Amino acid sequence: MQKRLLFLALSLFTVLHIASAKTEITRDSGYSIQIKLTNYTNDTLFLGYQMGNQSYIKDTAFLDKKSGEFTFKGKKDLEPGAYIVILRPANDYFQIMINEHEQKFYFYTDGKDYYTNAKTNSADNTAFLKYMNYLNDKRKEADKIVAKKDASFKKDLEGLDVEVKAYQQKVIEQNPKSVTSLLIKSAIDVQLPKFPEAKDSTELRLKEYYYYKQHYFDNYEMSNRAILRTPVLAKQLDTYIEKLTPQQPDSINESLDRIFGLFKDNKDAFQYYFVQYLNQYAKSNLVGFDAVYVHLALKYIATGQADAFIEKDNREKIIDNAARKEPTLIGKKAPNIKTYLEDGKPIELYDIKAKYTIMFFYAYDCGHCQKQSPVLVDFYKKAKEKNLDIKVITISTKKGEENIVPSWKYTKEKQFDDFINTNDPFTISRYSTLYDIQTTPQLYVLDENKVIRSKGIEAKQLDEVIDYIMKEEADKITKTAGNK
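Summary of the structure given here.

Each value, and the rule that gives it
Residues numbered from 1 in each chain as written. Predicted model: local features only at pLDDT ≥ 70, side-chain atom pairs only at ≥ 80, totals over all residues. Heavy atoms only, no water. Pairing = 2+ DSSP bridges. Helix = DSSP H or I, 4+ residues; strand = E, 2+ residues; numbered from the N terminus. Contact = heavy atoms within 4.5 Å. Axes fitted to C-alpha atoms, helices over the stretch in contact; angles between N-to-C directions. Phe/Tyr/Trp six-rings, centres within 6.5 Å; stacked < 30°, edge-to-face > 60°. Buried < 20%, exposed > 50% of the residue type's maximum accessible area, 1.4 Å probe, protein only. Polar contact = N/O pair within 3.5 Å; in protein donor to acceptor, adjacent residues only side chain to side chain. Salt bridge = Lys/Arg side-chain N within 4 Å of Asp/Glu carboxyl O.

Bringing the sheet that holds strand S3 (residues 54–64) into the picture now. Ordered by their spatial adjacency, eight strands build an open sheet running S6-S5-S2-S3-S4-S1-S7-S8, and the pairing between neighbours is mixed. Each edge of the open sheet is held by one strand with a lone partner, namely strand S6 (93–98) and strand S8 (119–120). For strand S2 (residues 44–51) and S3, the ladder comprises eight bridges, and the chain directions are antiparallel. Note on S3: the bridge partner recorded for leucine 47 is aspartate 59. In this fold helix H3 (residues 123–148) packs onto S6, strand S7 (104–110) and S8, with an angle of close to 135° to the strand it touches most, S6.

What follows is the structure, given as C-alpha coordinates:
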(Lines give C-alpha, C1' and ligand atoms only; values in the text may rest on other atoms or scores of the structure.)
Protein backbone atom coordinates (compact mmCIF):
# COMPACT_ATOMS: atom_id res chain seq x y z
CA MET A 1 0.00 0.00 0.00
CA GLN A 2 1.26 3.45 -0.84
CA LYS A 3 1.84 5.49 2.28
CA ARG A 4 1.09 9.17 2.11
CA LEU A 5 2.24 12.31 3.84
CA LEU A 6 -0.72 12.58 6.14
CA PHE A 7 -1.15 16.30 6.51
CA LEU A 8 -0.88 16.88 2.78
CA ALA A 9 -3.78 14.50 2.21
CA LEU A 10 -6.13 16.38 4.52
CA SER A 11 -8.22 18.94 2.67
CA LEU A 12 -9.92 21.83 4.40
CA PHE A 13 -13.16 19.94 4.06
CA THR A 14 -12.00 16.66 5.52
CA VAL A 15 -10.11 18.11 8.46
CA LEU A 16 -13.04 20.03 9.85
CA HIS A 17 -13.23 20.95 13.48
CA ILE A 18 -11.66 20.39 16.89
CA ALA A 19 -14.02 19.53 19.69
CA SER A 20 -13.43 19.76 23.40
CA ALA A 21 -15.70 17.82 25.72
CA LYS A 22 -13.63 17.34 28.82
CA THR A 23 -16.38 18.13 31.30
CA GLU A 24 -20.05 17.38 31.45
CA ILE A 25 -22.18 20.52 31.59
CA THR A 26 -25.85 21.08 32.26
CA ARG A 27 -27.69 23.35 29.85
CA ASP A 28 -31.12 23.95 28.41
CA SER A 29 -31.98 21.95 25.30
CA GLY A 30 -31.91 23.56 21.89
CA TYR A 31 -29.31 25.39 19.86
CA SER A 32 -28.47 29.04 19.25
CA ILE A 33 -25.53 29.85 16.99
CA GLN A 34 -24.77 33.50 16.38
CA ILE A 35 -22.78 34.29 13.24
CA LYS A 36 -21.28 37.71 12.50
CA LEU A 37 -19.53 38.34 9.18
CA THR A 38 -17.50 41.18 7.82
CA ASN A 39 -17.15 41.57 4.04
CA TYR A 40 -20.56 39.98 3.48
CA THR A 41 -23.48 41.97 2.07
CA ASN A 42 -26.22 39.36 1.67
CA ASP A 43 -28.96 39.11 4.31
CA THR A 44 -29.23 35.28 4.35
CA LEU A 45 -27.13 32.35 5.62
CA PHE A 46 -27.80 28.61 5.55
CA LEU A 47 -26.70 26.00 8.06
CA GLY A 48 -26.00 22.65 6.43
CA TYR A 49 -24.20 19.37 6.81
CA GLN A 50 -23.11 16.39 4.75
CA MET A 51 -24.49 12.91 5.32
CA GLY A 52 -23.44 10.14 3.00
CA ASN A 53 -22.74 11.67 -0.40
CA GLN A 54 -25.51 14.23 -0.04
CA SER A 55 -25.59 17.74 1.44
CA TYR A 56 -28.56 18.93 3.46
CA ILE A 57 -29.82 22.32 4.66
CA LYS A 58 -30.77 22.30 8.32
CA ASP A 59 -31.64 25.92 9.03
CA THR A 60 -31.83 29.43 7.58
CA ALA A 61 -30.83 32.66 9.33
CA PHE A 62 -31.56 36.25 8.33
CA LEU A 63 -29.57 39.33 9.21
CA ASP A 64 -30.60 41.27 12.32
CA LYS A 65 -29.76 44.80 11.19
CA LYS A 66 -29.48 46.10 14.76
CA SER A 67 -26.93 43.56 16.01
CA GLY A 68 -25.42 42.76 12.64
CA GLU A 69 -25.75 39.05 13.48
CA PHE A 70 -27.33 35.98 11.94
CA THR A 71 -28.76 33.52 14.47
CA PHE A 72 -29.53 29.85 13.82
CA LYS A 73 -31.90 28.79 16.55
CA GLY A 74 -34.02 25.77 17.43
CA LYS A 75 -35.77 24.20 20.41
CA LYS A 76 -34.21 20.78 19.91
CA ASP A 77 -30.52 19.97 19.98
CA LEU A 78 -28.68 19.55 16.72
CA GLU A 79 -27.25 16.13 16.06
CA PRO A 80 -23.48 16.32 16.63
CA GLY A 81 -21.19 16.53 13.65
CA ALA A 82 -19.47 18.81 11.19
CA TYR A 83 -21.68 21.62 9.93
CA ILE A 84 -21.16 24.24 7.25
CA VAL A 85 -22.32 27.84 7.12
CA ILE A 86 -23.25 28.58 3.51
CA LEU A 87 -22.97 32.08 2.10
CA ARG A 88 -25.20 33.55 -0.59
CA PRO A 89 -25.25 33.78 -3.55
CA ALA A 90 -22.04 31.92 -4.47
CA ASN A 91 -22.64 29.07 -1.98
CA ASP A 92 -19.18 29.44 -0.48
CA TYR A 93 -18.98 28.01 3.01
CA PHE A 94 -16.97 27.75 6.18
CA GLN A 95 -17.13 25.08 8.81
CA ILE A 96 -18.21 25.04 12.40
CA MET A 97 -18.17 22.16 14.82
CA ILE A 98 -21.20 21.20 16.86
CA ASN A 99 -21.03 18.60 19.62
CA GLU A 100 -23.49 17.42 22.24
CA HIS A 101 -22.24 19.85 24.90
CA GLU A 102 -21.77 23.09 22.99
CA GLN A 103 -24.83 24.11 21.02
CA LYS A 104 -25.02 27.77 22.00
CA PHE A 105 -22.11 29.96 20.94
CA TYR A 106 -21.03 32.77 18.64
CA PHE A 107 -18.66 32.66 15.70
CA TYR A 108 -17.39 35.93 14.28
CA THR A 109 -15.31 35.85 11.13
CA ASP A 110 -14.51 37.44 7.79
CA GLY A 111 -16.65 36.62 4.75
CA LYS A 112 -13.51 36.24 2.63
CA ASP A 113 -11.01 34.74 5.10
CA TYR A 114 -12.95 32.44 7.37
CA TYR A 115 -10.35 31.07 9.76
CA THR A 116 -7.34 33.37 10.17
CA ASN A 117 -8.86 36.00 12.46
CA ALA A 118 -12.11 34.33 13.52
CA LYS A 119 -13.34 34.60 17.10
CA THR A 120 -15.64 32.35 19.08
CA ASN A 121 -16.58 31.48 22.65
CA SER A 122 -16.83 27.80 21.71
CA ALA A 123 -13.95 25.68 22.99
CA ASP A 124 -14.51 23.27 20.12
CA ASN A 125 -14.26 25.91 17.45
CA THR A 126 -11.41 27.73 19.17
CA ALA A 127 -9.39 24.54 18.95
CA PHE A 128 -10.59 24.03 15.39
CA LEU A 129 -9.36 27.44 14.33
CA LYS A 130 -6.00 26.87 15.97
CA TYR A 131 -5.63 23.55 14.16
CA MET A 132 -6.67 24.94 10.80
CA ASN A 133 -4.17 27.76 11.05
CA TYR A 134 -1.46 25.30 12.11
CA LEU A 135 -2.13 23.16 9.04
CA ASN A 136 -2.11 26.22 6.81
CA ASP A 137 1.34 27.18 8.12
CA LYS A 138 2.65 23.66 7.56
CA ARG A 139 1.33 23.56 4.01
CA LYS A 140 3.27 26.72 3.27
CA GLU A 141 6.40 25.08 4.68
CA ALA A 142 5.76 22.02 2.52
CA ASP A 143 5.34 24.19 -0.59
CA LYS A 144 8.71 25.84 0.06
CA ILE A 145 10.39 22.47 0.51
CA VAL A 146 8.93 21.12 -2.73
CA ALA A 147 9.84 24.31 -4.60
CA LYS A 148 13.52 23.88 -3.69
CA LYS A 149 13.65 20.45 -5.36
CA ASP A 150 16.99 19.74 -3.76
CA ALA A 151 18.36 16.32 -2.86
CA SER A 152 16.93 16.43 0.65
CA PHE A 153 13.38 17.56 -0.11
CA LYS A 154 11.86 14.10 0.42
CA LYS A 155 13.60 13.75 3.76
CA ASP A 156 12.49 17.24 4.75
CA LEU A 157 8.88 16.44 3.82
CA GLU A 158 9.02 13.25 5.85
CA GLY A 159 10.33 15.22 8.81
CA LEU A 160 7.51 17.72 8.45
CA ASP A 161 5.04 14.86 8.23
CA VAL A 162 6.36 13.42 11.51
CA GLU A 163 5.92 16.83 13.12
CA VAL A 164 2.31 17.13 11.94
CA LYS A 165 1.48 13.60 13.09
CA ALA A 166 2.85 14.40 16.53
CA TYR A 167 0.71 17.54 16.67
CA GLN A 168 -2.36 15.59 15.61
CA GLN A 169 -1.71 12.99 18.28
CA LYS A 170 -1.49 15.80 20.83
CA VAL A 171 -4.85 17.16 19.71
CA ILE A 172 -6.40 13.69 19.98
CA GLU A 173 -5.03 13.20 23.49
CA GLN A 174 -6.20 16.61 24.65
CA ASN A 175 -9.69 16.16 23.17
CA PRO A 176 -10.43 12.43 23.56
CA LYS A 177 -14.20 12.77 23.19
CA SER A 178 -14.22 15.40 20.49
CA VAL A 179 -15.58 15.27 16.98
CA THR A 180 -12.26 16.56 15.71
CA SER A 181 -10.44 13.74 17.41
CA LEU A 182 -12.83 11.43 15.64
CA LEU A 183 -12.12 13.08 12.29
CA ILE A 184 -8.36 13.32 12.67
CA LYS A 185 -8.10 9.67 13.64
CA SER A 186 -10.24 8.62 10.67
CA ALA A 187 -7.86 10.49 8.35
CA ILE A 188 -4.82 8.62 9.66
CA ASP A 189 -3.96 5.84 7.26
CA VAL A 190 -3.24 2.27 8.33
CA GLN A 191 0.44 1.78 9.04
CA LEU A 192 1.64 -1.40 7.39
CA PRO A 193 4.06 -3.64 9.26
CA LYS A 194 6.94 -5.34 7.50
CA PHE A 195 6.47 -8.89 6.28
CA PRO A 196 9.98 -10.42 6.16
CA GLU A 197 8.49 -13.88 5.65
CA ALA A 198 7.06 -12.90 2.24
CA LYS A 199 8.75 -14.99 -0.47
CA ASP A 200 8.34 -12.49 -3.30
CA SER A 201 6.71 -9.20 -4.24
CA THR A 202 3.40 -10.89 -5.10
CA GLU A 203 3.12 -12.50 -1.68
CA LEU A 204 4.16 -9.22 -0.05
CA ARG A 205 1.41 -7.28 -1.84
CA LEU A 206 -1.16 -9.88 -0.82
CA LYS A 207 -0.10 -9.73 2.82
CA GLU A 208 -0.21 -5.95 2.75
CA TYR A 209 -3.64 -6.01 1.13
CA TYR A 210 -5.16 -8.41 3.67
CA TYR A 211 -3.61 -6.52 6.58
CA TYR A 212 -4.79 -3.17 5.24
CA LYS A 213 -8.33 -4.42 4.70
CA GLN A 214 -8.47 -6.11 8.10
CA HIS A 215 -7.33 -2.94 9.90
CA TYR A 216 -9.08 -0.43 7.64
CA PHE A 217 -11.54 0.71 10.33
CA ASP A 218 -9.11 0.69 13.25
CA ASN A 219 -9.10 4.49 13.41
CA TYR A 220 -12.85 4.95 12.95
CA GLU A 221 -15.18 5.45 15.89
CA MET A 222 -18.17 3.92 14.15
CA SER A 223 -20.29 4.03 17.31
CA ASN A 224 -19.86 7.82 17.59
CA ARG A 225 -23.08 9.58 16.54
CA ALA A 226 -21.15 12.51 15.08
CA ILE A 227 -19.46 10.38 12.42
CA LEU A 228 -22.69 10.19 10.41
CA ARG A 229 -22.72 13.94 9.76
CA THR A 230 -19.21 14.28 8.43
CA PRO A 231 -17.80 14.26 4.90
CA VAL A 232 -15.26 11.54 5.67
CA LEU A 233 -17.37 8.45 6.30
CA ALA A 234 -19.17 8.01 2.98
CA LYS A 235 -15.98 8.30 0.94
CA GLN A 236 -14.17 5.78 3.13
CA LEU A 237 -17.06 3.29 2.99
CA ASP A 238 -17.15 3.62 -0.80
CA THR A 239 -13.42 2.88 -0.93
CA TYR A 240 -13.83 -0.16 1.30
CA ILE A 241 -16.72 -1.60 -0.74
CA GLU A 242 -15.64 -0.63 -4.24
CA LYS A 243 -11.82 -0.77 -4.05
CA LEU A 244 -10.85 -3.13 -1.25
CA THR A 245 -13.64 -5.67 -1.69
CA PRO A 246 -13.61 -8.10 -4.64
CA GLN A 247 -16.57 -7.21 -6.82
CA GLN A 248 -18.56 -10.37 -6.44
CA PRO A 249 -21.70 -10.75 -4.30
CA ASP A 250 -20.38 -13.03 -1.53
CA SER A 251 -17.44 -10.72 -0.83
CA ILE A 252 -19.63 -7.62 -0.85
CA ASN A 253 -22.09 -9.29 1.53
CA GLU A 254 -19.23 -10.06 3.90
CA SER A 255 -17.97 -6.47 3.79
CA LEU A 256 -21.44 -5.01 4.33
CA ASP A 257 -21.99 -7.32 7.29
CA ARG A 258 -18.77 -6.04 8.79
CA ILE A 259 -19.82 -2.42 8.36
CA PHE A 260 -23.26 -2.99 9.87
CA GLY A 261 -21.65 -4.86 12.75
CA LEU A 262 -19.48 -1.83 13.48
CA PHE A 263 -22.66 0.29 13.49
CA LYS A 264 -24.36 -1.86 16.13
CA ASP A 265 -24.20 0.98 18.68
CA ASN A 266 -24.96 3.73 16.16
CA LYS A 267 -28.57 3.25 15.13
CA ASP A 268 -28.80 6.35 12.93
CA ALA A 269 -25.72 5.42 10.92
CA PHE A 270 -26.94 1.83 10.56
CA GLN A 271 -30.31 3.04 9.31
CA TYR A 272 -28.88 5.55 6.86
CA TYR A 273 -26.32 3.26 5.25
CA PHE A 274 -28.50 0.16 5.34
CA VAL A 275 -31.19 1.93 3.31
CA GLN A 276 -28.56 3.37 0.99
CA TYR A 277 -26.98 0.01 0.19
CA LEU A 278 -30.33 -1.78 -0.01
CA ASN A 279 -31.52 0.70 -2.64
CA GLN A 280 -28.18 0.65 -4.46
CA TYR A 281 -28.20 -3.11 -4.96
CA ALA A 282 -31.94 -3.28 -5.60
CA LYS A 283 -31.32 -1.05 -8.63
CA SER A 284 -28.04 -2.64 -9.71
CA ASN A 285 -27.86 -3.79 -13.32
CA LEU A 286 -24.74 -5.87 -12.70
CA VAL A 287 -25.30 -9.56 -13.38
CA GLY A 288 -25.70 -11.53 -10.16
CA PHE A 289 -25.68 -8.53 -7.82
CA ASP A 290 -29.30 -9.15 -6.88
CA ALA A 291 -27.70 -11.59 -4.44
CA VAL A 292 -26.59 -8.61 -2.33
CA TYR A 293 -30.12 -7.22 -2.23
CA VAL A 294 -31.49 -10.64 -1.27
CA HIS A 295 -28.86 -11.03 1.45
CA LEU A 296 -29.68 -7.64 3.00
CA ALA A 297 -33.41 -8.26 2.87
CA LEU A 298 -33.35 -11.75 4.37
CA LYS A 299 -30.60 -11.22 6.95
CA TYR A 300 -31.68 -7.84 8.28
CA ILE A 301 -35.26 -7.00 7.29
CA ALA A 302 -36.72 -10.50 7.67
CA THR A 303 -35.15 -10.78 11.14
CA GLY A 304 -36.64 -7.53 12.41
CA GLN A 305 -33.46 -5.45 12.43
CA ALA A 306 -35.05 -2.80 10.19
CA ASP A 307 -38.46 -2.63 11.87
CA ALA A 308 -37.73 0.78 13.41
CA PHE A 309 -37.23 2.57 10.09
CA ILE A 310 -38.98 0.57 7.33
CA GLU A 311 -42.77 0.50 7.41
CA LYS A 312 -44.48 -2.85 7.72
CA ASP A 313 -46.03 -2.84 4.23
CA ASN A 314 -42.67 -2.05 2.64
CA ARG A 315 -40.90 -4.69 4.76
CA GLU A 316 -43.35 -7.33 3.61
CA LYS A 317 -42.94 -6.35 -0.05
CA ILE A 318 -39.14 -6.39 0.18
CA ILE A 319 -39.07 -9.75 1.96
CA ASP A 320 -41.49 -11.25 -0.58
CA ASN A 321 -39.44 -9.88 -3.47
CA ALA A 322 -36.21 -11.24 -2.00
CA ALA A 323 -37.77 -14.63 -1.30
CA ARG A 324 -38.83 -14.88 -4.97
CA LYS A 325 -35.36 -13.98 -6.19
CA GLU A 326 -33.44 -16.21 -3.79
CA PRO A 327 -34.01 -19.59 -5.55
CA THR A 328 -32.58 -18.33 -8.85
CA LEU A 329 -29.47 -16.53 -7.66
CA ILE A 330 -26.30 -17.28 -9.61
CA GLY A 331 -24.68 -20.36 -8.12
CA LYS A 332 -28.00 -21.97 -7.14
CA LYS A 333 -29.33 -25.06 -8.85
CA ALA A 334 -32.08 -24.01 -11.23
CA PRO A 335 -35.58 -25.11 -10.17
CA ASN A 336 -36.82 -28.03 -12.21
CA ILE A 337 -39.90 -27.30 -14.29
CA LYS A 338 -42.09 -29.39 -16.58
CA THR A 339 -43.28 -27.65 -19.74
CA TYR A 340 -44.84 -28.98 -22.92
CA LEU A 341 -43.69 -29.54 -26.49
CA GLU A 342 -45.85 -28.71 -29.51
CA ASP A 343 -47.17 -32.28 -29.66
CA GLY A 344 -48.28 -32.01 -26.04
CA LYS A 345 -45.57 -34.23 -24.58
CA PRO A 346 -44.08 -32.99 -21.31
CA ILE A 347 -40.39 -32.34 -20.87
CA GLU A 348 -38.53 -31.57 -17.66
CA LEU A 349 -35.61 -29.20 -17.51
CA TYR A 350 -33.50 -31.80 -15.70
CA ASP A 351 -34.07 -34.27 -18.57
CA ILE A 352 -32.06 -32.07 -20.94
CA LYS A 353 -28.53 -33.42 -21.20
CA ALA A 354 -25.94 -30.87 -22.29
CA LYS A 355 -22.77 -29.18 -21.09
CA TYR A 356 -24.67 -25.90 -21.11
CA THR A 357 -28.40 -25.24 -21.22
CA ILE A 358 -29.81 -21.87 -22.17
CA MET A 359 -33.32 -21.03 -21.02
CA PHE A 360 -35.11 -18.36 -23.05
CA PHE A 361 -38.35 -17.01 -21.61
CA TYR A 362 -40.18 -14.97 -24.27
CA ALA A 363 -43.52 -13.59 -25.39
CA TYR A 364 -44.38 -13.58 -29.09
CA ASP A 365 -45.69 -9.99 -28.94
CA CYS A 366 -42.71 -8.63 -26.99
CA GLY A 367 -40.62 -6.16 -29.01
CA HIS A 368 -37.38 -6.90 -27.14
CA CYS A 369 -37.95 -10.63 -27.61
CA GLN A 370 -38.31 -10.14 -31.34
CA LYS A 371 -34.98 -8.28 -31.44
CA GLN A 372 -33.11 -10.84 -29.35
CA SER A 373 -34.51 -13.97 -30.96
CA PRO A 374 -32.46 -13.81 -34.19
CA VAL A 375 -29.34 -13.02 -32.14
CA LEU A 376 -29.97 -16.14 -30.07
CA VAL A 377 -30.37 -18.23 -33.24
CA ASP A 378 -27.14 -16.83 -34.66
CA PHE A 379 -25.28 -17.57 -31.42
CA TYR A 380 -26.51 -21.17 -31.44
CA LYS A 381 -25.41 -21.77 -35.03
CA LYS A 382 -21.90 -20.49 -34.26
CA ALA A 383 -21.76 -22.57 -31.08
CA LYS A 384 -22.60 -25.73 -33.04
CA GLU A 385 -19.90 -24.87 -35.58
CA LYS A 386 -17.45 -24.83 -32.65
CA ASN A 387 -18.81 -28.22 -31.53
CA LEU A 388 -19.97 -26.78 -28.21
CA ASP A 389 -22.42 -28.98 -26.33
CA ILE A 390 -25.19 -26.43 -25.89
CA LYS A 391 -28.97 -26.80 -25.94
CA VAL A 392 -31.58 -24.08 -25.89
CA ILE A 393 -35.04 -24.47 -24.34
CA THR A 394 -37.57 -21.75 -25.06
CA ILE A 395 -40.58 -21.17 -22.81
CA SER A 396 -43.47 -19.06 -24.03
CA THR A 397 -44.80 -16.85 -21.24
CA LYS A 398 -48.12 -16.03 -22.90
CA LYS A 399 -50.90 -17.46 -20.77
CA GLY A 400 -54.23 -18.81 -21.96
CA GLU A 401 -55.35 -21.26 -24.63
CA GLU A 402 -55.72 -18.51 -27.23
CA ASN A 403 -51.97 -17.87 -27.13
CA ILE A 404 -50.85 -21.44 -27.84
CA VAL A 405 -51.03 -21.28 -31.64
CA PRO A 406 -49.41 -17.81 -31.93
CA SER A 407 -46.54 -19.01 -29.74
CA TRP A 408 -45.81 -22.00 -31.96
CA LYS A 409 -46.10 -19.77 -35.02
CA TYR A 410 -43.49 -17.46 -33.51
CA THR A 411 -40.97 -20.29 -33.04
CA LYS A 412 -41.26 -21.13 -36.76
CA GLU A 413 -41.02 -17.51 -37.90
CA LYS A 414 -37.90 -16.96 -35.79
CA GLN A 415 -36.31 -20.23 -36.96
CA PHE A 416 -36.19 -21.87 -33.54
CA ASP A 417 -36.04 -25.21 -35.39
CA ASP A 418 -33.02 -26.51 -33.45
CA PHE A 419 -34.34 -25.43 -30.06
CA ILE A 420 -36.46 -27.30 -27.55
CA ASN A 421 -39.59 -25.16 -27.86
CA THR A 422 -42.09 -25.44 -25.04
CA ASN A 423 -45.23 -23.90 -23.69
CA ASP A 424 -47.14 -23.86 -20.41
CA PRO A 425 -50.19 -21.70 -21.09
CA PHE A 426 -51.87 -22.60 -17.80
CA THR A 427 -48.64 -22.18 -15.73
CA ILE A 428 -48.89 -25.64 -14.25
CA SER A 429 -45.11 -25.56 -13.69
CA ARG A 430 -45.26 -22.19 -11.86
CA TYR A 431 -42.28 -21.11 -13.96
CA SER A 432 -43.10 -17.40 -13.59
CA THR A 433 -42.89 -17.70 -9.80
CA LEU A 434 -39.94 -20.08 -9.66
CA TYR A 435 -37.88 -17.97 -12.09
CA ASP A 436 -39.27 -14.57 -11.05
CA ILE A 437 -40.36 -13.78 -14.60
CA GLN A 438 -41.77 -10.25 -14.43
CA THR A 439 -40.60 -9.04 -17.84
CA THR A 440 -39.46 -10.68 -21.05
CA PRO A 441 -37.15 -11.73 -22.49
CA GLN A 442 -35.22 -13.49 -19.76
CA LEU A 443 -32.12 -15.62 -20.39
CA TYR A 444 -30.61 -18.14 -18.00
CA VAL A 445 -27.34 -20.00 -18.61
CA LEU A 446 -27.03 -23.34 -16.79
CA ASP A 447 -24.11 -25.74 -16.56
CA GLU A 448 -24.34 -29.52 -16.96
CA ASN A 449 -25.54 -29.85 -13.36
CA LYS A 450 -28.23 -27.25 -14.00
CA VAL A 451 -26.49 -24.73 -11.75
CA ILE A 452 -27.25 -21.15 -12.77
CA ARG A 453 -24.07 -19.59 -14.12
CA SER A 454 -25.52 -16.37 -15.54
CA LYS A 455 -28.85 -14.63 -15.99
CA GLY A 456 -30.40 -11.29 -16.82
CA ILE A 457 -28.18 -10.89 -19.88
CA GLU A 458 -28.94 -10.14 -23.51
CA ALA A 459 -28.48 -12.67 -26.29
CA LYS A 460 -25.56 -10.67 -27.71
CA GLN A 461 -23.64 -11.34 -24.48
CA LEU A 462 -23.89 -15.13 -24.70
CA ASP A 463 -20.60 -15.56 -26.57
CA GLU A 464 -18.70 -13.67 -23.91
CA VAL A 465 -20.52 -15.39 -21.04
CA ILE A 466 -19.92 -18.91 -22.34
CA ASP A 467 -16.25 -18.13 -23.02
CA TYR A 468 -15.87 -16.79 -19.47
CA ILE A 469 -17.53 -19.85 -17.92
CA MET A 470 -15.38 -22.22 -19.97
CA LYS A 471 -12.21 -20.36 -18.98
CA GLU A 472 -13.25 -20.37 -15.32
CA GLU A 473 -13.84 -24.13 -15.44
CA ALA A 474 -10.50 -24.73 -17.19
CA ASP A 475 -8.67 -22.61 -14.58
CA LYS A 476 -10.35 -24.59 -11.83
CA ILE A 477 -9.21 -27.89 -13.36
CA THR A 478 -5.66 -26.55 -13.73
CA LYS A 479 -5.61 -25.34 -10.13
CA THR A 480 -6.96 -28.67 -8.84
CA ALA A 481 -4.33 -30.56 -10.80
CA GLY A 482 -1.59 -28.30 -9.48
CA ASN A 483 -2.60 -28.92 -5.87
CA LYS A 484 -2.28 -32.69 -6.21
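What follows is about the packing of aromatic side chains. This model, assessed by the stated rule, comprises 42 aromatic pairs. Aromatic pair tyrosine 131 and tyrosine 167: ring centres 6.0 Å apart, planes at 5°, arrangement stacked. With tyrosine 131 in helix H3 and tyrosine 167 in helix H4 (residues 153–174), the pair connects residues that are 36 residues apart, well separated along the chain. Judged by relative accessible area, tyrosine 131 falls into the buried class, the value being 0%. Ring centres 6.5 Å apart and planes at 65° place the aromatic pair phenylalanine 260 and tyrosine 277 in the edge-to-face group. With phenylalanine 260 in helix H8 (residues 249–262) and tyrosine 277 in helix H9 (residues 267–282), this pair connects stretches of sequence that are 17 residues apart. Here the two residues phenylalanine 260 and tyrosine 277 agree in accessibility, since each one is buried. In textbook terms, an aromatic cluster arises when at least three aromatic residues are bridged by ring pairs, as seen for Phe260, Phe263, Phe270, Tyr272, Tyr273, Phe274, Tyr277, Tyr300 and Phe309.

With that settled, the discussion passes to the environment of glutamate 342. The topology assignment puts glutamate 342 in the loop between strand S9 (338–340) and strand S10 (346–348). Put simply, glutamate 342 and lysine 325 are 17 residues apart on the chain and 30 Å apart in space, counted from C-alpha to C-alpha. In terms of polar contacts, glutamate 342 uses its side chain to reach the side chain of lysine 412, at 3.1 Å.

Pairing of strand S14 (residues 442–446) with strand S15 (residues 452–455), which is carried by three bridges, proceeds in the antiparallel orientation. If you follow tyrosine 444 over to S15, its bridge partner there is lysine 455. Turn length for the S14-S15 hairpin, with the two strands adjacent in sequence and antiparallel, is five residues, and the turn residue lysine 450 shows positive phi of about 65°.

Right, let's get into the pattern of salt bridges. All chains considered together, the criterion is met by 25 salt bridges. Measuring nitrogen to oxygen at the nearest pair gives 3.3 Å for the salt bridge that ties aspartate 161 to lysine 165. Highlighted residues: aspartate 161 and lysine 165, both in helix H4, separated by four residues, approximately one helical turn. The class of lysine 165 is partly exposed, set by a relative accessible area of 29%. Between glutamate 197 and lysine 207 there is a salt bridge whose closest N-O contact spans 3.7 Å. One end of the pair, glutamate 197, is in the loop between helix H5 (179–187) and helix H6 (201–214); the other, lysine 207, is in helix H6, and ten residues separate them in sequence.

On to the pairing of S3. Where S2 hands over to S3, the hairpin turn is made up of two residues, of which glycine 52 adopts a positive phi near 65°. With antiparallel pairing between neighbouring strands as the criterion, S3 and strand S4 (residues 69–74) make up a hairpin whose turn holds four residues, including glycine 68 at a positive phi of roughly 75°.

In this section: H5. Most of H5 is tucked away: eight of the nine residues are buried. Buried within H5 are the following residues: Val179, Thr180, Ser181, Leu182, Leu183, Ile184, Ser186 and Ala187.

Note that serine 32 resides in strand S1 (residues 31–38). According to the relative accessible area criterion, serine 32 is buried, its value standing at 16%.

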